[in-house]
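# Structure at a glance
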Amino acid sequence: MLGKILEGLVMSKKSRKATIKYAFKKSLPVFFGYLFLGSAFGIMLYDAGYNWIWAIFISILVYAGSGQFLLVSLISSAASIPTVAMMTLFINSRHMFYGLSLIDKFKAGGWRYPFMIFSLTDETYSVNVSIQSVPDDVNEPKARFLLGEFDHFYWILGSVVGSLLGQSLPIDFTGIDFSMTALFTVIFVDLLIDTKNKICGAVGIFCAFICLMIFGADNFLLPTLILTVVLLIAAKPALMKKEVNK
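Residues numbered from 1 in each chain as written. Predicted model: local features only at pLDDT ≥ 70, side-chain atom pairs only at ≥ 80, totals over all residues. Heavy atoms only, no water.

## Structural notes on unusual backbone geometry
Positive phi, close to 45°, is recorded for tyrosine 63, a residue that is not glycine. Among the residues examined, tyrosine 63 registers a relative accessible area of 4% and is labelled buried. (Buried < 20%, exposed > 50% of the residue type's maximum accessible area, 1.4 Å probe, protein only.)

Okay, structure coming up:
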């Protein structure tokens, strides 16, 4: 009896280490992106008159990617709280669509569920979607939770580094915010390569192109997400039938 208990503890310890290692490895692409992107936010925040302490505080509580860049402009212009709330909701409304595809995965995490929702940024979502299967010794819900934790920490670290660089180095950091676009593109291409069914990606690209032509570069994202979701829901029976036939 004691031997089985000890064996279970050893296996649990191995599983914990394997889960942490797996989540960390999956988070590395986000680390390199967030180090630069978070730095861009920290630099912008410092230029607006707020030091690294504010960078930590905002990154812990807000953690909204593009919403944080917008927040710097809104703070600088002394915008009202309702204005900040509405603009943030509009900018980050795409996350509602992200969450729809991960509800069951996140609920499996139990008490970790709220934080997994909070930490679901564009890049974290992309990595979560790319996880099709995990090794037998990895706890998948815990791995997804740790992925969110690692990514959140990377963003905080990047924002602090940027704030400190902004006050110590007289360098022109113009264009550093493009790292978010580059990172998301790399993750998307990698996901297309690893996924056998390319139809979903093709639908997304098609919808993005059509909405870009109709609504313009500043307003195409939300219509693209809505159109993509509608088309994929409509095509779901045919896609499932195709997978079964394979």
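## Some thoughts on the packing of aromatic side chains
Under the counting rule described, the total for this entry stands at 13 aromatic pairs. Arranged with centres 5.7 Å apart and planes meeting at 65°, the rings of tryptophan 111 and phenylalanine 145 form a pair that is edge-to-face. A residue pair is termed long-range when its members are at least 10 positions apart, and tryptophan 111 in the loop between helix 6 (103–107) and helix 7 (113–118) and phenylalanine 145 in helix 9 (residues 140–168) qualify at 34 residues. Overall, the relative accessible area of 11% leaves phenylalanine 145 in the buried class. Over the aromatic face of phenylalanine 145 sits the side chain of arginine 112, whose NZ or CZ is 5.7 Å from the ring centroid. (Phe/Tyr/Trp six-rings, centres within 6.5 Å; stacked < 30°, edge-to-face > 60°. Helix = DSSP H or I, 4+ residues; strand = E, 2+ residues; numbered from the N terminus. Lys NZ or Arg CZ within 6 Å of the ring centre and 35° of its normal.)

## Points about the state of the cysteines
The final tally for this structure, using the stated rule, is zero disulfides. Here cysteine 207 stays unpaired: no disulfide links it, and the sulfur of cysteine 211, its closest cysteine neighbor, is 6.3 Å away. On the accessibility criterion, cysteine 207 (0% relative accessible area) is buried. (Disulfide = S-S within 2.5 Å.)

## Let's talk about the packing of helix 2 (residues 52–61) against helix 9
One way to put it is that helix 2 packs onto helix 9 with a least axis distance of 8 Å and a crossing angle of 160°. On the basis of the axis angle, helix 2 is roughly antiparallel to helix 9. By crossing handedness, the relation of helix 2 to helix 9 is classed as right-handed. Here helix 2 contributes Trp52, Ala55, Ile56, Ser59 and Ile60 to the contact with helix 9, which in turn contributes His152, Trp155, Ile156, Ser159, Val160, Ser163 and Leu164. The residue inventory of the contact of helix 2 with helix 9, partitioned by class, reads eight nonpolar, four polar and no charged. (Axes fitted to C-alpha atoms, helices over the stretch in contact; angles between N-to-C directions. Parallel < 35°, antiparallel > 145°, perpendicular 65-115°, else oblique. Left-handed = near helix turned anticlockwise from the far one by under 90°. Contact = heavy atoms within 4.5 Å. Nonpolar A, V, L, I, M, F, W, Y, C, P; charged D, E, K, R; others polar.)

## Some details on the environment of phenylalanine 115
Along the chain, phenylalanine 115 falls in helix 7. As a C-alpha pair, phenylalanine 115 and glutamate 149 span 34 residues in sequence and 8.5 Å in three-dimensional space. Those residues in contact with phenylalanine 115 that sit more than four places away from it in its chain are Phe145, Gly148, Glu149 and His152.

## With respect to the nonpolar core
Core analysis: the largest hydrophobic core is formed by 19 residues, its most contacted members being Tyr34, Leu37, Phe41, Leu45, Ile58, Phe69 and Trp155. Elements with a minimum of two residues in this core: helix 1 (2–47), helix 2, helix 3 (66–76) and helix 9. Counting residues per element, this core draws most heavily on helix 1, which supplies six residues. Core analysis: the second largest hydrophobic core is formed by nine residues, Tyr98, Leu102, Phe145 and Leu146 among them. (Core = buried A, V, L, I, M, F, W, Y, C linked by side-chain atoms within 4.5 Å.)

## What to know about the pattern of salt bridges
Inspection of every chain in the model, using the stated rule, returns two salt bridges. Among the ionic pairs, lysine 105 bridges to glutamate 140, the shortest N-O distance being 3.5 Å. Remark: glutamate 140 occurs in helix 9 and lysine 105 occurs in helix 6; sequence separation between them is 35 residues. Taking relative accessible area as the criterion, lysine 105 reaches 37% and is therefore assigned partly exposed. Between arginine 144 and glutamate 140 there is a salt bridge, and its shortest N-O distance comes to 2.8 Å. Residue arginine 144 and its partner glutamate 140 are both found in helix 9; the two are separated by four residues, about one turn of the helix. Accessibility expressed as a relative area gives 3% for arginine 144, which makes it buried. Judged by relative accessible area, which is 22%, glutamate 140 ranks as partly exposed. (Salt bridge = Lys/Arg side-chain N within 4 Å of Asp/Glu carboxyl O.)

## Quick look at helix 8 (residues 122–130)
Summarising burial for helix 8: seven of the nine residues are buried, a large majority. For helix 8, the complete set of buried residues consists of Asp122, Glu123, Thr124, Tyr125, Ser126, Val127 and Asn128.

## A look at the confidence of the model for the protein
Put simply, the protein has an average pLDDT of 79, and 81% of its residues get 70 or more. When the criterion is pLDDT under 50, residues 1–11 qualifies, and its contacts beyond four places in sequence or with other chains add up to zero contacts. (pLDDT = per-residue confidence, 0-100.)

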